[in-house]
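So the chains spell out like this:
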Amino acid sequence: MGPVKTESMSLAQARRVALAAQGLHTPRPDAGASPRQVTLRHVQRTVDRLGLLQIDSVNVLARAHLVPLYSRLGPYDVSLLDRAAGRSPRRLVEYWAHVASYVPPETYRLLEWRQRAYRTEAWGAISGVEASHSAVVTRVREIVAERGPVTASEVHAILGDQGMGESRSTTEWGWNWSLAKRALELLFFTGEITAARRNAAFERCYDLTERVLPPAVLAAPAVSDADAVRRLLEIGARAHGIGTLRCFQDYFRLKGPAPRRALAELVEDGVLRPVEVRGWGETTYLHRDAALPRHARGRALLSPFDPLVFERTRLERLFGTHYRIEIYVPAAQRVHGYYVLPFLQGDRITAKVDLKADRRAGLLRVLSAHREEHADADTAAALAAELRLMATWLGMADVVVGPAGDLAPALAAEVGRVDVPAVG
C-alpha cells in the first residue's frame, strides 16, 4: 500500500482510500482475541488516526465513544478509555469538536478559537447565563477551584444550600439543565474548566483546565484563529483521506469563510490536491498521506456516531447508502429502527441492524435486520459472526434475532436464536 498518485479515480478506489484513512480496510486481529491483547498504545494510535471520538449519552447498545474503537480494534477493555481521559497524564480530554468529543490534549488547544468566540458559538442557554446570573457564575467558578472535580448535581446542591439555586431552563438546548449546569457548561465552553473524568453515571466531573491538561500542552503558545482552523481542517482531511470541503469542515463543525481560505492554503502547500472521483459529482481533494490499498477486506458494525458515517451526503456518494439516525423519529415512522448500525463488509455497506443490549437478560437483541443493495450471499453469515463477537465484548451471553426486516430470516438461521412468538 503506497501513496496515491492518480489525479482521477473511480468511486471504488475512493472508497478504499476512505476506509484506509479510517483504519477499516483490513481485517481486525480479533479471532479468539482477548480484550487484554489491546493495549493503551493501540487505543492511542487509533485515536490519533481518527482525530476525535464523539461522545453521546445514549446507552442502548454501548456509549458512542466506545464503539468506533471496537470497530477497528475488536474486543478491548473499555477501562482503557477511562484511564486515557481520567488519569494524568491525560491522552484525551473533552471539548466541543464534532459536537461533544474526546480529543487529544494538543487538539484541545486548537479549539481555543471556539472558546474565544463563545458568544456566537455556544447556545443561548449557555452563553446567556453570563449576563443573567453573573454572581452564580462567579460562585460556581469558586466552587470548582475549591472542590473540583465536582459534578453538576454536587454544585447544584451547594448553590441551593447558599440560596442561589433556580429552576431549570426551558427555552432551548439544555432545556432540562439546572442553573448550576448552565454555569458549569459556560465555563467549560470558555475553557476555564474541563472534565477531569466521567463518573459511574457518566456525569462530567469538572475541574480547572490547568489541573487537567498536561503541563507541556498548557505551556505551548496560543494558536491564532486562522492557524487553528487550518490545522483542524487538515486533521479532518487526513482522517477522511479523500473528500470535499463540506466533508472536511464537518469533522470539527467549522463554519464561515475561514475553512475555505484554509483549504486554499492546504492546496497551495501541497497538503491537499484536487482529484476527480468519477461519479462523485463534486470538487474532491486527496490528502498527501492518503493511501490506496488494492483491496478492502475489513468487516465492522459502525456506530451511528462513527467518523466514517458522520457526513451523510459523503456516505451516500461513496457507499450508495442513505442513512439517518432515527432516535428522534416517532416509532411508527422509523424505517430501520431506533439505534441502527450500518454493517461494513469489505468496501460496501451491506446491511443495517437495529441493536439493543438487553443487560438484564444478558442478550444482544437484533430488533431488525435489513439488506442493503450490495448485500451478497454471505452477508448473513458474516453479520452473524460479527454480532457474536460484539455480544462477547458487551458481556452478553447470546444473540437473538427478531422478525423485522428482509434480512432477519437468513440472519436468524445463521445465529441460531430467533426471537419470534410461537404461531398457532
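Note that this is a predicted model, so its numbers are computed, not measured. (Residues numbered from 1 in each chain as written. Predicted model: local features only at pLDDT ≥ 70, side-chain atom pairs only at ≥ 80, totals over all residues. Heavy atoms only, no water.)

### A few points about the environment of Tyr118
Formally: We count a stretch as a helix when DSSP gives it H or I for four or more residues in a row; a strand needs E for two or more, and each element gets its number in order from the N terminus. In this analysis, two residues are considered to be in contact whenever any of their non-hydrogen atoms come within 4.5 Å of each other.
Looking at the element boundaries, Tyr118 is found in helix 7 (residues 118–121). Along the chain, Tyr118 and Phe189 lie 71 residues apart, while their C-alpha atoms are 6.8 Å from each other. Sequence-distant contacts of Tyr118, that is, excluding residues within four places in its chain, are made with Ser127, Glu130, Leu186, Phe189 and Thr190.

### Topic: the packing of aromatic side chains
Working definition: an aromatic ring pair is given by the centre-to-centre distance plus the angle between the planes. What counts, and what does not: Centres within 6.5 Å make a pair out of two Phe, Tyr or Trp rings, where for Trp the six-membered ring is used; the pair is then stacked when the planes are under 30 degrees apart, edge-to-face when over 60, and tilted otherwise. Burial classification: accessible surface area is computed with a 1.4 Å probe over protein chains only, and a residue below 20% of its type maximum counts as buried, one above 50% as exposed, and the rest as partly exposed. To sit over a ring, a charge needs its Lys NZ or Arg CZ within 6 Å of the ring centre and within 35 degrees of the ring normal.
Tallied over the full model, the rule gives 8 aromatic pairs. Considering the side-chain rings of Tyr95 and Tyr108, the 5.5 Å spacing of their centres and the 75° angle between planes classify their relative orientation as edge-to-face. In this pair, Tyr95 sits in strand 3 (residues 93–97) while Tyr108 sits in helix 5 (residues 105–110), placing the two residues 13 residues apart along the sequence. For Tyr95, a relative accessible area of 1% puts it in the buried group. Among the aromatic side chains, those forming a connected cluster through ring pairs are Tyr95, Tyr108, Phe188, Phe189 and Tyr206. Sitting over the ring of Tyr70, Arg28 keeps its end group 5.3 Å from the ring centre. The side chain of Arg198 reaches across the aromatic face of Phe202, ending 4.3 Å from its centre.

### Thoughts on the sheet that holds strand 9 (residues 284–287)
The test is simple: Note on pairing: two strands pair once DSSP finds at least 2 bridges between them. Only the stretch in contact is used when a helix axis is fitted, and all axes are lines through C-alpha atoms; the angle between N-to-C directions ranges over 0 to 180 degrees.
With respect to topology, 4 strands assemble into an open sheet ordered 1-8-9-7, the strand pairing being mixed. A strand with exactly one partner marks an edge of an open sheet, and here the two such strands are strand 1 (8–10) and strand 7 (242–243). Of the strand pairs in this sheet, strand 7 and strand 9 are connected by 2 bridges, and their pairing is antiparallel. Within strand 9, the position partnered with Gly243 by the bridge is Tyr285. Sheet strands in contact with helix 14 (residues 225–240) are strand 7, strand 8 (272–278) and strand 9, and its direction is about 85° off that of strand 9. Where helix 16 (residues 258–268) meets the sheet, its contacts fall on strand 8 and strand 9, and the angle it forms with strand 8 comes to roughly 95°.

### Examining the sheet that holds strand 3
Note on sheets: strands pair through backbone hydrogen bonds, and any given pair is parallel or antiparallel. Spatial ordering of the open sheet is given by 2-4-3, a layout of 3 strands whose pairing is antiparallel. Either end of the sheet is taken by a strand with one partner, and the two such strands are strand 2 (53–54) and strand 3. Summarising the sheet, strand 3 and strand 4 (residues 99–103) pair through 5 bridges and their orientation is antiparallel. For Tyr95, the partnering residue across the bridge sits in strand 4 and is Ser101.

### Details of a positive patch on the surface
Basically, it comes down to this: Each patch is built from salt-bridge-free residues with over 30% relative accessible area, joining like charges within 9 Å and nonpolar side chains (Val, Leu, Ile, Met, Phe, Trp, Tyr) within 5 Å. Reported accessibility uses the Shrake-Rupley method at a 1.4 Å probe radius. Residues are deemed covered only where the shown protein chains occlude them. Salt bridge criterion: a side-chain nitrogen from Lys or Arg within 4 Å of a carboxyl oxygen from Asp or Glu. Residues scored as charged are limited to Lys and Arg (positive) and Asp and Glu (negative), so that His and the chain ends carry no count. In plain terms, the charge of a residue is placed at NZ if it is Lys, CZ if Arg, CG if Asp and CD if Glu.
Together, Arg41, Arg45, Arg49, Arg83, Arg87 and Arg91 give the surface a local cluster of positive charge. Of all the elements, helix 2 (residues 40–50) adds the most residues to the positive patch, at 3 residues. Within the secondary structure layout, Arg49 lies in helix 2.

### Describing the pairing of strand 4
For strand 4, the tally of buried residues reaches 4 of 5 residues, placing the bulk of the element in the interior. In the sheet, strand 2 pairs with strand 4 via 2 bridges, with the strands oriented antiparallel. Pairing of Leu53 across the sheet is with Tyr102, part of strand 4. Taken together, strand 3 and the strand that follows it, strand 4, pair antiparallel across an intervening segment of 1 residue.

### Brief notes about the pattern of salt bridges
Applying the stated criterion across every chain yields a total of 27 salt bridges. With its nearest N and O atoms 2.8 Å apart, the salt bridge here joins Arg198 to Glu94. Taken as a pair, Arg198 in strand 5 (residues 193–198) and Glu94 in strand 3 lie far apart in primary sequence, 104 residues in all. Taking the relative accessible area as the measure of exposure, Arg198 reaches 21% and is therefore partly exposed. For Glu94, a relative accessible area of 2% gives the class buried. Between Arg204 and Glu94 there is a salt bridge, and its shortest N-O distance comes to 2.8 Å.

### Details of helix 16
Inclusion rule: Arc, as used here, means the arc of the directions from the helix axis to the C-beta atoms.
Here helix 16 has its buried residues at Pro259, Ala262, Leu263 and Leu266. Relative to the axis of helix 16, the buried residues are bounded by an arc of 105° and lie together on one face. Exposed side chains of helix 16 directed beyond 90 degrees from the buried face belong to Arg260 and Glu268. In the segment just after helix 16, Gly270 is the residue with positive phi, at about 85°.

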